[in-house]
Amino acid sequence: MASRRMETKPVITCLKTLLIIYSFVFWITGAILLAVGLWGKFMLGPYISLIAENSTNAPYVLIGTGTTIIVFGLFGCFATCRGSPWMLKLYAMFLSLVFLAELVAGISGFVFRHEIKGTFLRTYNEAVQNYDAKDENSLAVDNVQRSLRCCGVLNYTSWFTSIYFPANGIPPSCCVNTSDCNSSDLRNATIAPTKVYQQGCYELVTSFIETNMGIIAGVTFGIAFSQLIGMLLACCLSRFITANQYEMV
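Definitions and limits used
Residues numbered from 1 in each chain as written. Predicted model: local features only at pLDDT ≥ 70, side-chain atom pairs only at ≥ 80, totals over all residues. Heavy atoms only, no water. Helix = DSSP H or I, 4+ residues; strand = E, 2+ residues; numbered from the N terminus. Buried < 20%, exposed > 50% of the residue type's maximum accessible area, 1.4 Å probe, protein only. Contact = heavy atoms within 4.5 Å. Areas by Shrake-Rupley, 256 points an atom, 1.4 Å probe, with all protein chains shown as cover. pLDDT = per-residue confidence, 0-100. Phe/Tyr/Trp six-rings, centres within 6.5 Å; stacked < 30°, edge-to-face > 60°.

(A) Just the overall build of the chain, in detail. A tally of regular secondary structure across the chain gives 9 helices and 0 strands. Along the chain, helices (α) and strands (β) appear in the sequence α-α-α-α-α-α-α-α-α when read from the amino end. Relative to its full complement of 249 residues, the chain shows a buried share of 43%. A sequence separation of at least 24 residues applies to 75% of the contacts in the chain between residues at least 6 apart. If you sum the accessible surface of the chain, you get close to 13,200 Å²; carbon and sulfur atoms cover 65% of it.

The structure is reproduced here in structure tokens:
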């Protein structure tokens, strides 16, 4: 029996080393998800608020998941160093839950990516038609037009049928040069087109969102499948420790 334990010690030591390395990498992926969630909240927030008919919690889900992974990554290192079978099993269970959650999130991202155009055309057109320069959707429209240097849905003529246009004209966020763009010019349907961006926002925004949703979904899939390695290592190590009654001193 002692001889058998001596033979399995190098195997267990090897598994522990690999699992500690994996847990460290897992911790890093948690930090990446946290960073992607924060990036999605602050960089994609205006676009998502216009595309989603209802508010979305996707960035908060990524932030919460990333934070949880960071905590459990540390727990994984602790469980491995202690050589506790029940802790390792709990760690493997958590990895399986993360795998399933990230798989669902990745698939949802790809579905959302392909359904984006129809939803955005409708919601963005409604935001333009009901623009008042004050509510959340109106501020999001201004943000989009300034950052992407575009105007209206398909082009600046979208504003001519807006409830905002008769009294105020085209919004200043459409102006190519704000110093050469006054309210009287923006109310003039003949002069305004020479002062504003000619390209509409629809194609620019859908292209921008599709590209970045693809990146987010791809990263999520990659991280999800990496959980399988951790699950395998944790289960194998727990099995070896239980079978050989091995304890880390």
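(B) Representation of the confidence of the model for the chain within the structure. The pLDDT averaged across the chain works out to 80; a share of 84% of its residues lies at or above 70. Mean pLDDT across the secondary structure elements of the chain bottoms out at helix α2 (residues 45–51), with 64, and peaks at helix α7 (residues 165–168), with 88.

(C) Just the packing of aromatic side chains, in detail. In total, this model carries 9 aromatic pairs according to the counting rule given. Here F26 and F94 contribute two aromatic rings whose centre-to-centre distance is 6.2 Å and whose plane-to-plane angle is 70°, an arrangement assigned as edge-to-face. Taken together, the residues F26 in helix α1 (residues 2–43) and F94 in helix α4 (residues 85–114) connect sequence positions 68 residues apart. When sorted by exposure, F26 lands in the same class as F94, which is buried.

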